[in-house]
Amino acid sequence: MGSRALSKVGTICWFPPVMCFSIIVGLGLDYDVFLISRVYEYRLEGYTDHAAALKGVYMTGYIITAAGVIMAIAFGGLMASTETILNQVSFLLVFSVLMDTFVVRTLCVPALLGLTDKHSWFPKTMPPATRSIGF
């Protein structure tokens, strides 16, 4: 391919991880706040914690996945650059967006909600669960 991004560079610059950190945290929080707010809404409607998490992931999945794939494609365009720093920025952003989209949102957040159960909503006391899984 002849792309400098795929050739042996030898070092990593200090600048890309520092610059990408705030972007990565911002994107991760954006996706997770969107998911958690939907789970919270379902929990307020009376769904159990497990059902609210499951329904929240189900209802927001396509939106967050589409946004993550679009962001990964956009950041992937930097990989075509001849500048090593931009190649490193591109790799960090694409990798982190895809990890957040496909691993954190689908596996880690629901698992943590399941482990913490009613304590996920501390200090707020939720209404008693009256509904189970039912789409």
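Residues numbered from 1 in each chain as written. Predicted model: local features only at pLDDT ≥ 70, side-chain atom pairs only at ≥ 80, totals over all residues. Heavy atoms only, no water.

## Points about the overall build of the protein chain
Looking only at helices and strands, the protein chain has 3 helices and 0 strands in total. What you see in the protein chain, going N to C, is helices and strands ordered as α-α-α. Relative to the globule expectation of 14 Å for 135 residues, the C-alpha radius of gyration of the protein chain, 19 Å, shows a markedly less compact shape. On the principal axes, the C-alpha backbone points of the protein chain span a range of 60 × 30 × 15 Å. (Helix = DSSP H or I, 4+ residues; strand = E, 2+ residues; numbered from the N terminus. Rg over C-alpha atoms; globule rule 2.2 N^0.38 Å.)

## Brief notes about helix H1 (residues 15-44)
Helix length check: H1, at 30 residues, gives a terminal C-alpha distance of 44 Å against a target of 44 Å (1.5 Å per residue), a fit within 8%. Maximum bend of H1: about 30 degrees, positioned at Phe 21. All buried positions along H1 are accounted for by Pro 16, Cys 20, Leu 27, Gly 28, Tyr 31, Asp 32, Leu 35, Val 39, Tyr 42 and Arg 43. In this structure, the buried side of H1 is in contact with helix H2 (49-76) and helix H3 (84-116). In the stretch just after H1, Gly 46 is the one whose phi turns positive, near 110 degrees. (Expected span 1.5 Å × (residues − 1). Bend = angle between axes of the 7 residues up to and from the residue. Buried < 20%, exposed > 50% of the residue type's maximum accessible area, 1.4 Å probe, protein only. Contact = heavy atoms within 4.5 Å.)

## Looking at the confidence of the model for the protein chain
On average, the protein chain scores 87 in pLDDT, and the residues at 70 or more come to 91%. Confidence, expressed as mean pLDDT per element, reaches its minimum in the protein chain at H1 with 91 and its maximum at H2 with 93. (pLDDT = per-residue confidence, 0-100.)

## Examining a nonpolar patch on the surface
Nonpolar side chains collect at one region of the surface, where Trp 14, Phe 15, Val 18, Met 19 and Ile 85 lie side by side and expose about 490 Å² of accessible area between them. It is H1 that contributes the most residues to the nonpolar patch, 3 residues altogether. Take Phe 15: it is sitting in helix H1. (Patch = residues over 30% accessible without salt bridge, like charges linked within 9 Å, V, L, I, M, F, W, Y side chains within 5 Å. Areas by Shrake-Rupley, 256 points an atom, 1.4 Å probe, with all protein chains shown as cover. Salt bridge = Lys/Arg side-chain N within 4 Å of Asp/Glu carboxyl O.)

## Remarks on the packing of aromatic side chains
Under the criterion given, the structure shown has 4 aromatic pairs. For the pair Tyr 42 and Tyr 47, a centre-to-centre distance of 5.8 Å together with 85 degrees between the ring planes defines the contact as edge-to-face. Here Tyr 42 and Tyr 47 have matching classes, each one buried. (Phe/Tyr/Trp six-rings, centres within 6.5 Å; stacked < 30°, edge-to-face > 60°.)

## Section: the packing of H2 against H3
The contact between H2 and H3 brings their axes to 8 Å, and the two run at 175 degrees. Classified by the angle their axes make, H2 and H3 are roughly antiparallel. Here H2 contributes Ala 53, Val 57, Gly 61, Ile 64, Thr 65, Gly 68, Val 69, Met 71, Ala 72, Phe 75 and Gly 76 to the contact with H3, which in turn contributes Ser 90, Leu 93, Val 94, Val 97, Leu 98, Thr 101, Phe 102, Arg 105, Pro 110 and Leu 113. Of the residues that constitute the contact of H2 with H3, the class distribution is 14 nonpolar, 6 polar and 1 charged. (Axes fitted to C-alpha atoms, helices over the stretch in contact; angles between N-to-C directions. Parallel < 35°, antiparallel > 145°, perpendicular 65-115°, else oblique. Nonpolar A, V, L, I, M, F, W, Y, C, P; charged D, E, K, R; others polar.)

## Considering the side chain of Thr 60
Summarising the element assignment, Thr 60 is placed in helix H2. At a separation of 2.7 Å, a polar atom in the side chain of Thr 60 contacts the main-chain carbonyl oxygen of Gly 56. Those residues in contact with Thr 60 that lie beyond four places of it in its chain are Phe 34, Leu 35 and Arg 38. (Polar contact = N/O pair within 3.5 Å; in protein donor to acceptor, adjacent residues only side chain to side chain.)

## Re the environment of Val 18
In this structure, Val 18 sits in helix H1. For Val 18, a relative accessible area of 55% corresponds to the exposed category. A C-alpha to C-alpha distance of 16 Å links Val 18 and Val 97, two positions 79 residues apart in sequence.

## Points about the pattern of salt bridges
This structure, assessed with the given rule, holds 2 salt bridges. The salt bridge partner of Glu 41 is Arg 38, with a shortest N-O separation of 3.6 Å. Of the two residues, Glu 41 and Arg 38 are both situated in helix H1; the distance of 3 residues between them amounts to about one turn of the helix. For Glu 41, a relative accessible area of 40% translates into the label partly exposed. For Arg 43, the salt bridge identified is with Asp 49, shortest N-O distance 2.8 Å.

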